[in-house]
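Letter by letter, the chains look like this.
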Amino acid sequence: MTERIDLSKMEKKLIIRNVEERDIDKIVELSKICFPDMDPWTRGQLQSHIEIFPEGQHCVEYEGKIIGASSSLIIDFNEYEDRHTFDEITDKGYITNHDPEGKHLYGISIMVHPDYRRLHVGTRIYEARKELVQRLNLKSFLVGGRIPNYHKYADKMSANEYVKQVIQQKLYDPVLTFQLLSGFKLKWVNPNYLNDDKASRGYAVLLEWDNVDYMPKSKRLYLRAFPVRVCAVQYMLKKIDSFEDFANQCEYFVDVAALDESDFVVFPETFTIQLLSFINEKIPGKQVRRLAEYTEDYIELFNMLAMKHNVNIIAGSHFVEENDLLYNVSYLFRRDGTIDRQYKLHITPDERKWWAIQPGNELKVFDTDCGKIAILICYDTQFPELSRIAVDRGARIIFTPFCTDDRQGYLRVRYCSQARAVENQIYTVISGTVGNLTHVPRTDTMYAQSGVFSPSDFPFSRDGIVGECSANIETIVIGEVDLEILRRNRITGTVTHIKDRRKDLYQIVEGTPVKDRTYGEVPQSTSPEAGPVGVTKK
């Protein structure tokens, strides 16, 4: 008998937080590993950092181990010479020159353990510092960056020429190239910045990231923004020969989404049926049980991809076997390594007929670093009560992985998803499969046009469509939605559906949980005032 998988045993906890005193000795040791030929941080310097400016000191903890750290301070850069040194800008590493009234965050150190550099730890730290700049309404984020590969070319070119060639991508520098990809712009090259940095020959580049949301303190009013970037994958089902082939196809799309700085990437419903390409099974009921054998491999793959590429993944859905019963389950893999799941709640006639899929019994709303979300798998989005319950619990984006075999099936998903966006004043995202598994018995053709949808009002995209794929080709669509615009529209929109609901006439009431009744039985309201399901008598 197959038991329900305990996700807590498969999670890999990756946490970005502020440095605490208990971390100091670990960060000292980390600095020795990351900068073996330079003077490491001392305990006194790090203690001074967290006493003077604790918000500016970040670390990354992975499975209880410190694998990355950074130090920063606030300055008014106009008070310093352009060609300053590390000791001048940091007061010899103690940051006692930190100025809470300054306009610039200055990053003085970032380090990542070499064994964990594929987890995008540096990117996560830079994002945390950029968020700090925005939260404190600072004008820009400055860094004095090393150029550790310069020693290989120092006898052939000047530091200025080396930096120019790195910017032109003729040469690669592990620090400068990364910082340029992180959105920093070169200001100038500083000689004699850090004399014990032999690899950089003492040079450093001063780089700057401008805070486009910065408002001078004399301004009293400014509009906030809460942008969230989402990527819907229109996934092609094609012949593969191994789970590794499947993993490579999935990672390609996750990598593309991450390169475009997506916060979420969503795959289609039951796209793991592609694994049937190399599973020799012709009977539908046995096919899905064979797929369920890959559940742990599937979970490990997407948990790794979410952390490696620093993006939240709604990994479509997958057939899961628990206590000899089959379920259609969508998993949420957060970029911090935590995992959650949503069972499909409404089962289609074909799913019952061919695969004996059982319904889940709980609608979840998930906390993420971009607010609350919900997942409604395909058919579930065609039941408006679920979306309303999710919205009442705080969901602002509803993701719908789907799999449809013809245009009318697809349009049911699309039209209902757009209706949910309008009636609940939320964003919705649909992601479907395309292509055919012609070599696999009893598999359907696929029809999809994935998209990102919004309410229909002036602040949003025309026709309520943030973006959509071309139909029936393998591609992606990336759209940026703004949760702050959504919040304001609920208050001041042309129409205000959420605010104008007539709760004196109707309301959603939840019925008997599925686990306490026979499948197919009509659920009865627990409210003594209720009439037909979901409608309260008035």
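Anyway, here's the lowdown on the structure attached to this text. For every chain, the first residue of its written sequence is number 1, and the numbers climb from 1 along that sequence. Whole-chain, interface and lining totals are the exception, using all residues; otherwise, since this is a predicted model, local features are given only for residues with pLDDT of at least 70 and side-chain atom pairs are given and counted only at 80 or more. Where side-chain values are given, they derive from all heavy atoms of the structure, hydrogens and water being excluded.

Considerations on the overall build of the protein chain
Okay, step 1: Runs of H or I in DSSP of at least four residues are treated as helices and runs of E of at least two as strands, each being numbered from the N terminus. Helix and strand content of the protein chain: 13 helices and 21 strands.
Okay, step 2: Against the globule reference of 24 Å for 538 residues, the protein chain gives a C-alpha radius of gyration of 27 Å, in line with a compact fold.
Okay, step 3: Seen through its C-alpha atoms, the protein chain measures out along the principal axes to roughly 75 × 55 × 45 Å.
Okay, step 4: Every accessible area reported is derived by Shrake-Rupley at a probe size of 1.4 Å, with residue values counting cover from the shown protein chains alone. Put simply, the protein chain shows about 25200 Å² of open surface, and 48% of that area lies on carbon and sulfur atoms.
Okay, step 5: Of the side-chain charges in the protein chain, 69 are positive and 78 negative, and the distance between the mean point of each set is 3 Å. Our radius of gyration looks at C-alpha atoms and nothing else; its globule reference is 2.2 Å times the residue count to the power 0.38. The convention is simple: Lys and Arg are positive, Asp and Glu are negative, and His and the chain ends are not counted. Here the site of a charge means NZ on Lys, CZ on Arg, CG on Asp, or CD on Glu.

Some points on the sheet that holds strand S7 (residues 204-210)
Sheets are built from strands that pair by backbone hydrogen bonding, the pairs being arranged parallel or antiparallel.
Okay, step 1: In short, DSSP must find at least two bridges between two strands for them to pair. Read across the open sheet, the 7 strands follow the order S1-S2-S3-S4-S5-S7-S6; overall the sheet is mixed. Only two strands of the sheet have a single partner each, and these edge strands are strand S1 (14-18) and strand S6 (185-190). Each strand of the sheet is rotated relative to its neighbour by a mean of 25°, with strand direction disregarded.
Okay, step 2: Pairing of strand S5 (residues 140-145) with S7 involves 6 bridges; the strand directions are antiparallel. Looking at S7, one finds that Leu142 is bridged to Glu208. Every axis in this analysis is a line fitted to C-alpha atoms, fitted for helices over the stretch in contact. Angles between the N-to-C directions lie between 0 and 180 degrees.

Considering helix H4 (residues 121-135)
Okay, step 1: The end-to-end C-alpha distance of H4, which contains 15 residues, comes to 21 Å, matching closely the 21 Å that a straight helix rising 1.5 Å per residue would cover.
Okay, step 2: Buried residues of H4: Val121, Gly122, Arg124, Ile125, Tyr126, Ala128, Arg129, Lys130, Leu132 and Val133, and no others.
Okay, step 3: Two residues or fewer after H4 comes Asn137, characterised by a positive phi angle close to 55°. To estimate how far a helix should extend, the number of its residues minus one is multiplied by 1.5 Å. For every residue, the accessible area obtained with a 1.4 Å probe (protein chains only) is divided by the maximum for its type, and the residue is called buried under 20%, exposed over 50%, and partly exposed between those limits.

Comments concerning the environment of Met157
Okay, step 1: Examined against the element boundaries, Met157 turns out to sit in the loop between S5 and helix H5 (159-167).
Okay, step 2: In the structure, Met157 is positioned 28 residues away from Arg129 in sequence and 33 Å away in space, judged by C-alpha atoms.

Regarding the nonpolar core
Okay, step 1: The set of buried Ala, Val, Leu, Ile, Met, Phe, Trp, Tyr and Cys residues whose side-chain atoms join them within 4.5 Å is what this entry labels a nonpolar core. By size, the foremost hydrophobic cluster in this structure holds 53 residues, and its most contacted members are Leu105, Tyr106, Ile108, Met111, Phe141 and Tyr162.
Okay, step 2: Not counting residues within four places of it along the chain, the set of residues in contact with Phe141 comprises Leu105, Gly107, Tyr126, Arg129, Lys130, Val133, Phe184, Leu207, Glu208 and Trp209.
Okay, step 3: Leu275, Phe302, Ala315 and Leu437 belong to the second largest nonpolar core, which has 49 residues in total. Whether two residues touch is decided by their heavy atoms; if any such pair falls within 4.5 Å, the residues are in contact.

A word on helix H12 (residues 407-424)
Okay, step 1: Relative to the 26 Å expected for 18 residues at 1.5 Å per residue, H12 spans 25 Å between its end C-alpha atoms, a close match to the ideal helical length.
Okay, step 2: Of the residues making up H12, those classed as buried are Gly409, Tyr410, Leu411, Val413, Arg414, Cys416, Ser417, Gln418, Arg420, Ala421 and Asn424.
Okay, step 3: The inward-facing, buried residues of H12 abut helix H11 (384-392), strand S17 (397-402), strand S18 (427-435), strand S19 (451-453), strand S20 (465-468) and helix H13 (483-492).

Description of the packing of H11 against H12
Okay, step 1: Viewed as axis vectors pointing N to C, H11 and H12 meet at an angle of 40°, and their least axial separation amounts to 10 Å. One element, H11, and the other, H12, form an angle in the oblique class. Of the two elements, H11 crosses H12, and the hand of that crossing is right-handed. Residues Pro384, Ser387, Arg388 and Val391 of H11 touch H12, and the partners they reach there are Arg420, Glu423 and Asn424.
Okay, step 2: Residue polarity is assigned by list, with Asp, Glu, Lys and Arg as charged and Ala, Val, Leu, Ile, Met, Phe, Trp, Tyr, Cys and Pro as nonpolar; anything else, Gly included, falls into the polar class. Taken together, the residues of the contact of H11 with H12 sort by class into 2 nonpolar, 2 polar and 3 charged. Roughly parallel means an angle under 35 degrees; roughly antiparallel, over 145; roughly perpendicular, 65 to 115; everything else is oblique. By definition, any crossing whose near helix is turned counterclockwise from its far helix by less than a right angle is left-handed, and any crossing with a clockwise turn is right-handed.

Description of the side chain of Glu281
Okay, step 1: With respect to the helices, strands and loops of the structure, Glu281 is situated in the loop between strand S9 (264-266) and helix H8 (284-292).
Okay, step 2: Polar contact criterion, stated in full: a pair of N or O atoms within 3.5 Å, where within protein one must be able to donate a hydrogen and the other to accept it, and residues adjacent in sequence count only if both atoms are side-chain atoms. In this structure the side chain of Glu281 is engaged in a polar contact, spanning 3.2 Å, whose partner is the backbone nitrogen of Ile283.
Okay, step 3: With sequence-adjacent residues up to four places away left out, Glu281 is seen in contact with Lys286, Gln287 and Arg290.

As for unusual backbone geometry
Okay, step 1: Phi angles above zero are rare outside glycine, and Glu63 is one such case at about 50°.
Okay, step 2: Within the secondary structure, Glu63 sits in the loop between strand S2 (58-62) and strand S3 (65-75).
Okay, step 3: Not every positive phi belongs to a glycine, and Arg201 is a case in point at roughly 55°.
Okay, step 4: For Arg201, the position within the fold is in the loop between S6 and S7.

Any functional reading would require information that these geometric values do not contain.
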